[in-house]
Protein chains: 2
Amino acid sequence: MTFAQFGREHIPAIDGFISDYFTGKMASAEHRFMADFYGDILEYLNRDGKRIRPLVLMASYLGYRRRFRKTGEAVKAASVLEIMHAMLLIQDDLIDRATLRRGGPAFHLLMRDKYSSYTLNGGIGNDIAIILADIIFADSLEIISGIAAPRAVKDRFLQVFSRTYQVTAWGQLLDSLYSLSTRIAEAGDVPMLISTMKTSHYTIFYPLLMGYVLSGKNDRQEISRIREFSIPLGIAFQLRDDIQGVFASGDEIGKSADSDIREGKLTLLVQYALEALGGGERDRFMELFLREEKSDGDVGEIRGMIDASGARGRAGETHRALVGEALRKLRRLSVPPETAGVLGGLVDLIAAV
Amino acid sequence: MTFAQFGREHIPAIDGFISDYFTGKMASAEHRFMADFYGDILEYLNRDGKRIRPLVLMASYLGYRRRFRKTGEAVKAASVLEIMHAMLLIQDDLIDRATLRRGGPAFHLLMRDKYSSYTLNGGIGNDIAIILADIIFADSLEIISGIAAPRAVKDRFLQVFSRTYQVTAWGQLLDSLYSLSTRIAEAGDVPMLISTMKTSHYTIFYPLLMGYVLSGKNDRQEISRIREFSIPLGIAFQLRDDIQGVFASGDEIGKSADSDIREGKLTLLVQYALEALGGGERDRFMELFLREEKSDGDVGEIRGMIDASGARGRAGETHRALVGEALRKLRRLSVPPETAGVLGGLVDLIAAV
């Protein structure tokens, strides 16, 4: 089964749960303004997205659970991952001053346009985004409190859930510290750490682990095997994103094209370029890359240097090697062939650049 | 027992738990930068604070529990309230562009000063504050996952915990929409709603309810009585804060003096002034109050108008009436005399302007 087929089978239940939850929130809101904001959140969540994290959780849960268990509780957990993802996207766009997301305006800009008539505070859109992120986080806990599972399973789930957003935030913190950073040339393992935390753990390992924990299992060795599969796959995923973030058009990726370059993000791709460029070229690259406002010409020149340095090629090769490693580790997981097929489908998706 | 005496008895366990938790996080951090940030968080939490919310939870738990239960699990929950409070203070100061908190620099300014050498991004302090707030939220869940309680109690606790930060955030959202707002003259029940959500629920009702739930009890009528005690007491608390925010000196309240006026906050006190001022005076008040940058002269004139309008007097009278109502409702709670004494001590604290 391809990952897309698995998605067509399970996304309706996830999207249905999310829609029911927020529609319920709108209906039961004690005050009109709350219902309005919940409407905005639901609209944002309804934008096109790949639902990768909830699907990874579902695949894991279905692969590891004993037979005949109901899947409804896993759907709740999967939906929470998508809801929390929306929260992180809202914060990311705020931090990156991004303007577009999933084919629409970034959430803080939507809020600014909708509510700027209330106040002379020009930062109102940002302020609302910060506050609604808390509400979304708290809503997620409400959903978790309603998941029916034995106490030990529930406590373990909450622990993994907590770890997920700790590790992701640490990755985001490094990402912010090393954006437009004069320290990128001596950043060492920072871009690898960012990829491991923000993608391997956030998108692959923890969703798999949450599905595993919800299935009621708790074997250290299997958890290690899940991690060994997740790390290379996540880095490969991030490398693919890095390459697309520099060389793809905005239509393909649904957010601002060139945003990685414009924001001066220290990706693995950029680190490869820095390692490959000679003294003078490297100075020129740094000078351009650290410009807070970059012209189209600047962006084009940076893109050209990344390509000519061989970094694009190296990123592609590393990506292929990591995909191969993930496929080897996938075979070691104690999951039925059907689940191995779905996860193989995910690897295929990440393999396609 | 006064509330201060109750505090001296229970704060050491709460502060000890918080200190142990974050010291443990620092010791077990996989990367140096994490340990550094945890150090900053602990330092922030160690600043002088009244620990009102954790103490209210403890008083409730001790009053409602059956005899001879261990209090260690309640201490964990109480500590979480203080940790989450730090998170909200960080966000509040970011949103309000505040500079001082608990006698030190606001957290985002601390971060800006410490980490601005990393990046040309002038907003790095704000970005770090947004991200660390998520980490603190996630840490709180980790602590909750470790609270030993029957499943039903744990689920109810998580539900109340979730409601707490939903309602508080809704209050904060209204607060932001109506700061420097051209709509303050026709805001209706908004300042009352803000007080009810941000103070009655956040500081009194939910901490009491969390202690109640942790005690294993779940009686609808008693929950109603807890709410009836909490609402007037919280509004009284907010009125006291409103009055101090305009008329007290900065040293007394540990944050910037005049900040409510400078930020153009729609408090009940300001609403009383708007209701009392005649046409011309009111226009002048609005004109001054909506200035984004206020001179010391502006602030003094606003303060004088609030006083002369009779709003200060009305706020004081309302405050006294609400304190009286809270004392009457306190007698209806099914708690032993000792707990009634502690909560009476809290009322005394709030009664003193």
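Enquirer: Looking at this structure, how should I read the environment of Gln 238 of chain A?
Expert: Residue and element names in this part refer to chain A. Its location among the elements puts Gln 238 in helix 9 (residues 220-247). By relative accessible area, which is 18% here, Gln 238 ends up buried. When the C-alpha atoms of Gln 238 and Lys 198 are compared, they prove to be 8.7 Å apart, with 40 residues separating the residues in sequence. Those residues in contact with Gln 238 that lie beyond four places of it in its chain are Ser 195 and Thr 199.

Enquirer: What is the right way to read the relation of the copies chain A and chain B from this model?
Expert: For these two chain copies, the linking operation is a rotation about an axis paired with a shift along it. If you rotate chain A by 180° and push it 0.0 Å along the axis, it lands on chain B with an RMSD of 0.0 Å. Each copy turns onto its partner about a two-fold axis. When C-alpha positions in chain A are compared against the rotation axis, the closest is assigned to Arg 151 of chain A, at 2.7 Å. Both copies contact each other with a shared surface, as 100% of the interface residues of chain A are interface residues in chain B too.

Enquirer: Hey, could you run me through the packing of aromatic side chains in this one?
Expert: Note on aromatic pairs: each is described by the distance of the centres and the angle between the planes. Using the criterion set out here, one finds 38 aromatic pairs over all chains in the structure. Geometry around Tyr 118 of chain B places Arg 183 of chain A over its ring, the cationic atom sitting 3.8 Å from the centre. Note that Arg 312 of chain B overlies the ring of Phe 247 of chain B, its terminal NZ or CZ placed 3.9 Å from the centroid.

Enquirer: I'm lost on the packing of helix 9 (residues 220-247) of chain B against helix 15 (residues 311-330) of chain B in this one. Help?
Expert: Two numbers describe a pair of packed helices, the interaxial angle and the distance between the axes. Residue and element names in this part refer to chain B. Following both chains from N to C, one finds helix 9 and helix 15 inclined at 155°, their axes separated by 8 Å at the closest point. Here helix 9 lies roughly antiparallel to helix 15, going by the angle between them. Considering the relative orientation of helix 9 and helix 15, their crossing is left-handed. Facing Glu 228, Phe 229, Pro 232, Leu 233, Ile 235, Ala 236, Leu 239, Arg 240, Ile 243 and Phe 247 of helix 9, the residues of helix 15 in contact are Arg 312, Ala 315, Gly 316, Thr 318, His 319, Leu 322, Val 323, Glu 325, Ala 326, Lys 329 and Leu 330. Classifying every residue of the contact of helix 9 with helix 15 by side-chain character gives 13 nonpolar, three polar and five charged.

Enquirer: Hey, could you run me through the packing of helix 4 (residues 72-95) of chain A against helix 8 (residues 190-214) of chain A in this one?
Expert: Residues and elements named next belong to chain A. Running from N to C, helix 4 and helix 8 point in directions that differ by 160°, and their axes come no closer than 10 Å. Regarding the angle of helix 4 to helix 8, the classification is roughly antiparallel. With respect to the hand of their crossing, helix 4 and helix 8 are arranged in right-handed fashion. Across the interface between the two elements, Ala 74, Ala 77, Leu 81, His 85, Leu 88 and Asp 92 of helix 4 pack against Lys 198, Tyr 202, Pro 207, Met 210 and Leu 214 of helix 8.

Enquirer: Which parts of the structure should I look at to understand the interface of chain A and chain B?
Expert: It is common to report an interface's size as the accessible area lost on association of the parts. Between chain A and chain B, the contact holds 65 residues from the first and 65 residues from the second. When chain A packs against chain B, close to 5900 Å² is buried across both sides, 67% of that on carbon and sulfur atoms. The interface formed by chain A and chain B contains six salt bridges. At the boundary of chain A with chain B, the tally comes to 28 residue pairs in polar contact (both at pLDDT 80 or more). Looking at the side of chain A that touches chain B, the elements that each hand over two or more residues are helix 2 (32-46), helix 4, helix 6 (124-145), helix 7 (151-177) and helix 8 of chain A. Counting residues per element, the side of chain A that touches chain B draws most heavily on helix 7 of chain A, which supplies 17 residues. When the residues that make up the side of chain A that touches chain B are grouped by side-chain class, the tally is 37 nonpolar, 15 polar and 13 charged.

Enquirer: What is the right way to look at helix 14 (residues 296-308) of chain B in this model?
Expert: It helps to recall that an α-helix has 3.6 residues per turn; residues three or four apart then point in one direction. Residues and elements named next belong to chain B. With 13 residues, helix 14 extends 18 Å from end C-alpha to end C-alpha; this agrees with the ideal 18 Å at 1.5 Å per step. Residues of helix 14 that are buried: Asp 298, Val 299, Ile 302, Met 305 and Ile 306. For helix 14, the arc enclosing every buried residue in end-on projection is 130°, short of the 170-degree limit, so these residues lie on one face. In helix 14, those exposed residues whose orientation departs by more than 90 degrees from the buried face are Asp 296 and Ala 308. Tucked into the core, helix 14 has its buried residues touching helix 9, helix 11 (259-262), helix 12 (268-276), helix 13 (279-289) and helix 15. Positive phi appears at Gly 310, one or two residues downstream of helix 14, with a value of about 90°.

Enquirer: I'm lost on the pattern of salt bridges in this one. Help?
Expert: Charged atoms that come close allow side chains of opposite charge to pair. Tallying each qualifying case throughout the model produces 53 salt bridges over all chains. For Glu 30 of chain B, the salt bridge is made with Arg 163 of chain A, and the minimal N-O distance between the two is 3.6 Å. Residue Glu 30 of chain B is found in the loop between helix 1 (3-28) and helix 2 (32-45), and its partner Arg 163 of chain A is found in helix 7; the two belong to separate chains. Judged by relative accessible area, which is 28%, Arg 163 of chain A ranks as partly exposed. The closest approach of N and O atoms between Arg 51 of chain B and Asp 15 of chain B, which form a salt bridge, is 2.8 Å. A residue pair is termed long-range when its members are at least 10 positions apart, and Arg 51 of chain B in the loop between helix 2 and helix 3 (52-64) and Asp 15 of chain B in helix 1 qualify at 36 residues. Residue class for Asp 15 of chain B comes out partly exposed when judged on its relative accessible area of 26%.

Enquirer: Whenever I open this one, the environment of Ala 86 of chain B confuses me. Can you help?
Expert: Turning to its location among the elements, Ala 86 of chain B is positioned in helix 4 (residues 72-95). Put simply, Ala 86 of chain B and Ile 41 of chain B are 45 residues apart on the chain and 8.6 Å apart in space, counted from C-alpha to C-alpha.

Enquirer: Please clarify how the confidence of the model for chain A should be interpreted in this entry.
Expert: Should the pLDDT be low somewhere, the predicted coordinates at that spot are not to be read in detail. Taken over all residues, the pLDDT of chain A has a mean of 95, while the share at 70 or more is 97%. As scored by the predictor, the complex reaches a pTM of 0.95 and an ipTM of 0.95.

Enquirer: Got a minute to help me understand the environment of Val 153 of chain B in this structure?
Expert: Residue and element names in this part refer to chain B. The topology assignment puts Val 153 in helix 7 (residues 151-177). The sequence separation of Val 153 and Glu 222 amounts to 69 residues, and the corresponding C-alpha distance is 16 Å. Apart from the residues lying within four places of it in its own chain, the contact partners of Val 153 are Val 213, Leu 214 and Gly 216.

Reading guide: rules and limits
- Residues numbered from 1 in each chain as written.
- Chains lettered and ligands numbered in written order.
- Predicted model: local features only at pLDDT ≥ 70, side-chain atom pairs only at ≥ 80, totals over all residues.
- Heavy atoms only, no water.
- Helix = DSSP H or I, 4+ residues; strand = E, 2+ residues; numbered from the N terminus.
- Buried < 20%, exposed > 50% of the residue type's maximum accessible area, 1.4 Å probe, protein only.
- Contact = heavy atoms within 4.5 Å.
- Least-squares fit on C-alpha atoms with pLDDT ≥ 70 in both.
- Phe/Tyr/Trp six-rings, centres within 6.5 Å; stacked < 30°, edge-to-face > 60°.
- Lys NZ or Arg CZ within 6 Å of the ring centre and 35° of its normal.
- Axes fitted to C-alpha atoms, helices over the stretch in contact; angles between N-to-C directions.
- Parallel < 35°, antiparallel > 145°, perpendicular 65-115°, else oblique.
- Left-handed = near helix turned anticlockwise from the far one by under 90°.
- Nonpolar A, V, L, I, M, F, W, Y, C, P; charged D, E, K, R; others polar.
- Buried area = accessible area lost by both parts, 1.4 Å probe.
- Salt bridge = Lys/Arg side-chain N within 4 Å of Asp/Glu carboxyl O.
- Polar contact = N/O pair within 3.5 Å; in protein donor to acceptor, adjacent residues only side chain to side chain.
- Expected span 1.5 Å × (residues − 1).
- Arc of directions from axis to C-beta.
- pLDDT = per-residue confidence, 0-100.

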